[in-house]
There are 4 protein chains.
Amino acid sequence: MSCVGEPRVLIAGASGYAGAIAARLIDRHPHFALGPVTSRSDAGRRVDSLYPHHRVTATLEELSLDRHGDVEAAIVAYPHGAAAPVVAELRGRGVKVVDLSADFRLHDRAVYEAFYVPHAAPELLAGAVYGLTELRREAIAAADLVANPGCFPTATLLALAPLARAGLIADLVVDAKTGVSGAGRAATEATHFVAMAENVKAYKVGAHRHTPEIDQELAELGAPVATTFVPHLVPLDEGELVSCYVTPPEPVPQAALDALYADAYAGEPFVHVVPDPPGVRDVRESNHCHIHARVDPRTGKLIVFAAIDNLWKGTSSQAVQNLNLMFGRPESEGLG
Amino acid sequence: MSCVGEPRVLIAGASGYAGAIAARLIDRHPHFALGPVTSRSDAGRRVDSLYPHHRVTATLEELSLDRHGDVEAAIVAYPHGAAAPVVAELRGRGVKVVDLSADFRLHDRAVYEAFYVPHAAPELLAGAVYGLTELRREAIAAADLVANPGCFPTATLLALAPLARAGLIADLVVDAKTGVSGAGRAATEATHFVAMAENVKAYKVGAHRHTPEIDQELAELGAPVATTFVPHLVPLDEGELVSCYVTPPEPVPQAALDALYADAYAGEPFVHVVPDPPGVRDVRESNHCHIHARVDPRTGKLIVFAAIDNLWKGTSSQAVQNLNLMFGRPESEGLG
Amino acid sequence: MSCVGEPRVLIAGASGYAGAIAARLIDRHPHFALGPVTSRSDAGRRVDSLYPHHRVTATLEELSLDRHGDVEAAIVAYPHGAAAPVVAELRGRGVKVVDLSADFRLHDRAVYEAFYVPHAAPELLAGAVYGLTELRREAIAAADLVANPGCFPTATLLALAPLARAGLIADLVVDAKTGVSGAGRAATEATHFVAMAENVKAYKVGAHRHTPEIDQELAELGAPVATTFVPHLVPLDEGELVSCYVTPPEPVPQAALDALYADAYAGEPFVHVVPDPPGVRDVRESNHCHIHARVDPRTGKLIVFAAIDNLWKGTSSQAVQNLNLMFGRPESEGLG
Amino acid sequence: MSCVGEPRVLIAGASGYAGAIAARLIDRHPHFALGPVTSRSDAGRRVDSLYPHHRVTATLEELSLDRHGDVEAAIVAYPHGAAAPVVAELRGRGVKVVDLSADFRLHDRAVYEAFYVPHAAPELLAGAVYGLTELRREAIAAADLVANPGCFPTATLLALAPLARAGLIADLVVDAKTGVSGAGRAATEATHFVAMAENVKAYKVGAHRHTPEIDQELAELGAPVATTFVPHLVPLDEGELVSCYVTPPEPVPQAALDALYADAYAGEPFVHVVPDPPGVRDVRESNHCHIHARVDPRTGKLIVFAAIDNLWKGTSSQAVQNLNLMFGRPESEGLG
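For clarity, every value in this text was computed on a predicted model and none was experimentally measured.

This paragraph deals with the sheet that holds strand E13 (residues 289–295) of chain C. Residues and elements named next belong to chain C. Pairing is mixed in the open sheet, where seven strands are placed in the order E9-E10-E8-E11-E14-E13-E12. Each having just a single partner strand, strand E9 (201–202) and strand E12 (271–273) make up the two edges of the open sheet. Bridging between E12 and E13 involves three bridges; their strand directions are parallel. Note that in E13 the partner of histidine 272 across the bridge is histidine 290.

Dropping the structure here:
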């Protein structure tokens, strides 16, 4: 039994990479208590038998909301489509939810259904808040349902928000590089060690489902643009770098660019403007994001890099960052 | 003593990655014979003590053209600036040269000197042929001095030549990913295993010296554009992928793009248009280049990928491909 | 139709790592011609759609000996147990066979069946020759069925043969390290990139099926010993290093050890005694084996290292080396 | 100025891998405060400019004990030989020291000087405590000078202490695998990314300086044995696995082995007996050690694996574990 004032957090789908990290972070969190951890495929196994380094000793169970629904909060780490009905039932029981899937990220149901599947709980779309913490702190703090952003949108939007707000994006190409964990835990021909060692390649060219999410949010920030987005797999496990190539409507001096970014992220605990192009190793297994912006003197293009850990700031640690806000806690709690 | 009809090839600078591969290819070549292999830093060591897998047993010597200049051909693998005087002296002795440095790639001496150093042999610039084999076969066959292209220009120009010739490049971004061998054999903080394992990062943003080379050649092909070029280091040893983002002056249907590339590279022994985005692993330690072109249906951008091995087609095996032409041999000889 | 004098070689099981390399080597071989290439799982696909870098354009078919049995030779790359009946049928048709499985390696049927499965063609055991080329050249040249050794036995026996023959092995520990390709092409939790990046671990401790094969051959060489054998997975794709720790019955001086190895492998085209501990990178994608032997001055133990590529000398290139002998060709043909 | 009761800890040599991790751990420690951080080579730079992911903002200074000696404790991360005089001066000022070098690990000055250099402070040897925490808790708690063990001895001794105490080690081979960080921060031919990618190799065969340290401690535990010890480099950054092959004086049943290890490490916060061979990934960037012991049923050998992070439990986090004991703090504080 947990103490009064220590909200219990259900992790639904804790056998995947993202759910397991969420379980780890909640398990060690000074304010929250780890509630049930669930998995269809691995029920009966302890989390640390799958992920020894997370050191979570809880045993995975099959999800049963009748038994597991008595919690204050939930992080849902289900595939898109499968998440919506579980989220709806949790919300029906008054549970605050951070959903890691794409099911509640896109405001426009038609866009969602064009890229994914028929929506199982469209009535919740209006109330869901897009959970890129640094862009929507107040709304997140007031929300009961937060749609946690995709990893690529997280990095891309942090990289571009200052330019979008300033009206400096006329055209945009985003070339992303992600570690193999971005392809998920499923063992496939593509995720075999031998297929990716000494390799780098693009995938889902011009067709990645994170693209409409990027466009939606850039438009809300003031930059209604159609993004050319291409992700690449690189031979590392965790980490993501986005290289953003922006054509501005007018020339931007380097000093102005520097000031824009310094102002935008002054005082942010997790977003850091750094003096050199960031490496993904610099932010591994952390909630931090490193950003670097540069004017190409020959072409006038603005080149902005953002590095995150795709599974942490790109997914699970940002979920906890959001949960902190939803429960009135310091944003950085348990993320140190 | 070599047989009549078996031209001896000097490798100047055979202790670096590129020179050693050139030595290996010449050593096993059915037509050429390996002449002296030279190195300042490692004179007295056998090549296979530095690179066991190349299996070249020749011993490195300090270069002395009085002793070593009696050859039919030379591959010069010296740093830019240091190459020009050696090339000049070799040419003065009538030796045919493939130069791997940047010294004879840029037709405009002023551009060279802006990006590099004062030129030591500008009188040779006019006669040097830019050695991207697939674009200049006839000129290379007739040349005595071939300026072997940089690795990034090789991949980029093979990716973009069909578009450039067709007048389809209005704006251009090139995002390149290269293995760590691209940074050379020098042991530095940046090339330490621990610095690059689990890492990916951009370098020389908007300032890489291969950029003017790309612009020069695109202009000659019909596309006078200023390229935004950004290279990234990825955690693998050999291999290079360029992802080219082209804004065309008018919409291009996928079928037209397919036809353009199929026509351009039909019958090429080393350039292959492939049905999926290529991985660098597919071309490792080979002279092959894999290309894939796609229209982004949402934005109309043309996205073209080219994968090569930066040290092979990007440097040394292309040098041998050129040498074959210069001596009237089949282009693929010794590259199988 | 193949020319007279160009024997056609069937590759049965050409969609796995080993079979595909065998197909590549035969496809480029100056003497043999590539016959049918077969696969249950990938029939209808071209080999180069699975393994672009091998550049084999042949299309995989389901094996049918009525259609495919009309060849001079076959390399069978089937799992143990599945190989024996196919080998038996091929032999019945007079086809010379190199079998990559374990089915014909162990002379003692009972030992085979204790470690594997009931044997489907025990009548062929007596005539099968254990195909470690350097140890059995004459028998291989005269054989119609060669049981190609396992990768670990190949490296271990090359490392230890000189000591075994000299009666210098009183006790033996073999600690092996292999790249992930050693675990095969099946995509599993254990071969996922994320599971093996930044990892190293032992597997099948004291229970690896290559152990009785090592013991059998050491006994034949003169060292009847029970080997303690432990393989480890290391984060690389191809390559294998065995570190052998030998307790000799009496002290052995370093000079004697050096002479023993120099004599044993003088003139060998593929086995090289090297002056420093070998790296697996030195022999990657080759038929070479690098060996280094050292006396530990503190303990008197003899420490011998052997590095091979587990898929080449450890499997497929050794199969071609054997096939060369079986057809009276130079042993190194097509392996350069 | 630090609060009363918050001891300040000097980190001498904080620009190396080990010193920087020590700085990170102390910087976030709930009880200690980070004092001066020093470096000869990088004075003037911030620690996070060298190691962004450690997020230590302190600026490196040249060590000056007149300015820096006013601290309660110090972790000295100097090369062997260079450490002793600094440790001596710190002890002279009453500062408690954990020394990461080898200078105070060997009780026998002659052995030290045979393997290293003349000793600069032999008078301190008698009072130094060998800091393998789990083996010497009481002595460490009472010590003013702790000689932090080497990474290989840490893993090896944790693996073997139960056997040594039980008199079960008649003969011993230790085959160790370490990530490249074990070779230090110096950029050399051997630590270049290209040299180690896709590689594995032994080094310092029979001559590694950690060997006498292992022998000394095994003897104190009851097993006077000469260890055959061979380290290997594997292509990963942090992590170390030792595979220990023990010949027992008499047969040991698996059940007895299991009971021995379960008893030895019951209740240990950082040492865990695990049911399968451990991977180094399981303990990455942590103070944990995973151990697995198995009887080889064919040979009777005892095979024991221990996995640690060479820079954490193998060096810096164990130093903090020891510092906790020296200051009467809970052993796990700041290591969670």
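Turning to the nonpolar core, a few remarks are in order. Core analysis: the largest hydrophobic core is formed by 167 residues, its most contacted members being Ile75 of chain B together with Ile75 of chain D. When neighbours within four sequence positions are excluded, isoleucine 75 of chain B is seen to be in contact with Val9, Leu10, Ile11, Ala12, Ala22, Ile26, Val98, Leu100, Ala319, Val320 and Leu323 of chain B. Counting 166 residues, the second-largest nonpolar core is a separate cluster that includes Leu135 of chain A together with Leu132, Ile140 and Leu168 of chain C.

Under the fitted operation, chain A is carried onto chain B by 0.0 Å of movement along the axis and a turn of 180°, and the coordinates agree to an RMSD of 0.0 Å. Taken together, the rotation and translation relating the two chain copies correspond to the operation of a two-fold axis. A share of 100% of the interface residues of chain A reappears at the interface of chain B, consistent with the copies meeting face to face through the same patch.

All names here are of chain B. Here seven strands make up an open sheet; going across it, the order is E8-E9-E7-E10-E13-E12-E11 and the pairing mixed. Since the sheet does not close on itself, it has two edges, and those belong to strand E8 (201–202) and strand E11 (271–273), each with one partner. With six bridges connecting them, strand E12 (residues 289–295) and strand E13 (residues 302–308) associate as antiparallel partners. From the neighbouring strand, histidine 290 faces E13, where its bridge partner is alanine 307. Packing of helix H7 (residues 151–165) onto the sheet brings it into contact with strand E7 (171–178), strand E9 (228–233), strand E10 (240–247), E11, E12 and E13, and relative to E10 it is tilted by some 40°.

Residues and elements named next belong to chain A. Along the polypeptide, glutamate 72 turns up in the loop between helix H3 (65–68) and strand E4 (73–76). The spacing of glutamate 72 and alanine 33 is 39 residues in sequence and 10.0 Å in space, taken between C-alpha atoms. Non-local contacts of glutamate 72, meaning those with residues more than four positions away in its chain, are made with Pro7, Arg8, Val95, Lys96 and Phe327.

The subject of this paragraph is the pairing of strand E10 (residues 228–233) of chain D. Residue and element names in this part refer to chain D. In terms of burial, E10 is a largely internal element, six of the six residues being buried. Residue alternation in E10 divides its side chains into two sets, Thr228, Val230 and His232 and Phe229, Pro231 and Leu233, and both sets are buried. Looking at chain direction, strand E8 (residues 171–178) and E10 are connected through six bridges and run parallel. When the bridges of E10 are listed, aspartate 175 appears paired with valine 230. Here strand E9 (residues 201–202) runs beside E10; their pairing, made up of two bridges, is antiparallel. Within E10, the position partnered with lysine 201 by the bridge is leucine 233.

What follows deals with the relation of the copies chain C and chain A. Mapping chain C onto chain A leaves a residual RMSD of 0.0 Å; the transformation is a rotation of 180° accompanied by 0.0 Å of translation along its axis. When the interface residues of chain C are mapped onto chain A, 100% of them again lie at the interface, so the same face is used by both copies.

Contacts between the two partners involve 20 residues from chain C, matched on the other side by 20 residues from chain A. Contact between chain C and chain A buries roughly 1,600 Å² in total, counting both sides, with carbon and sulfur atoms accounting for 66%. Inspection of the chain C/chain A interface yields two salt bridges. For the salt bridge of arginine 185 of chain C with glutamate 189 of chain A, the shortest nitrogen-to-oxygen distance reads 3.5 Å. Applying the counting criterion to the chain C and chain A interface returns six residue pairs in polar contact (both at pLDDT 80 or more).

Attention shifts here to the side chain of asparagine 322 of chain D. All names here are of chain D. Here asparagine 322 lies in helix H11 (residues 312–326). Within the local environment of asparagine 322, its side chain forms a polar contact with the backbone oxygen of glycine 131, the two atoms lying 2.9 Å apart. The residues touching asparagine 322, leaving out its near neighbours within four places in the chain, are Gly131, Thr133, Ile140, Val146 and Asn148.

Turning next to the interface of chain A and chain B. Contacts between chain A and chain B engage 46 residues on the former and 46 residues on the latter. If you sort the residues of chain A by the area they bury against chain B, Glu198, Arg281 and Arg298 of chain A come out on top, with a joint share of 19%. Between chain A and chain B we count eight salt bridges in total. Across the salt bridge formed by aspartate 171 of chain A and lysine 301 of chain B, the nearest N and O atoms sit 2.7 Å from each other. Residue assignment for the side of chain A that touches chain B shows that the elements contributing at least two residues are strand E8 (171–178), helix H8 (193–196), strand E9 (201–202), helix H9 (211–221), strand E10 (228–233), strand E11 (240–247) and strand E14 (302–308) of chain A. Taken together, the residues of the side of chain A that touches chain B break down into 22 nonpolar, ten polar and 14 charged.

About the criteria used
Residues numbered from 1 in each chain as written. Chains lettered and ligands numbered in written order. Predicted model: local features only at pLDDT ≥ 70, side-chain atom pairs only at ≥ 80, totals over all residues. Heavy atoms only, no water. Pairing = 2+ DSSP bridges. Helix = DSSP H or I, 4+ residues; strand = E, 2+ residues; numbered from the N terminus. Core = buried A, V, L, I, M, F, W, Y, C linked by side-chain atoms within 4.5 Å. Buried < 20%, exposed > 50% of the residue type's maximum accessible area, 1.4 Å probe, protein only. Contact = heavy atoms within 4.5 Å. Least-squares fit on C-alpha atoms with pLDDT ≥ 70 in both. Axes fitted to C-alpha atoms, helices over the stretch in contact; angles between N-to-C directions. Buried area = accessible area lost by both parts, 1.4 Å probe. Salt bridge = Lys/Arg side-chain N within 4 Å of Asp/Glu carboxyl O. Polar contact = N/O pair within 3.5 Å; in protein donor to acceptor, adjacent residues only side chain to side chain. Nonpolar A, V, L, I, M, F, W, Y, C, P; charged D, E, K, R; others polar.

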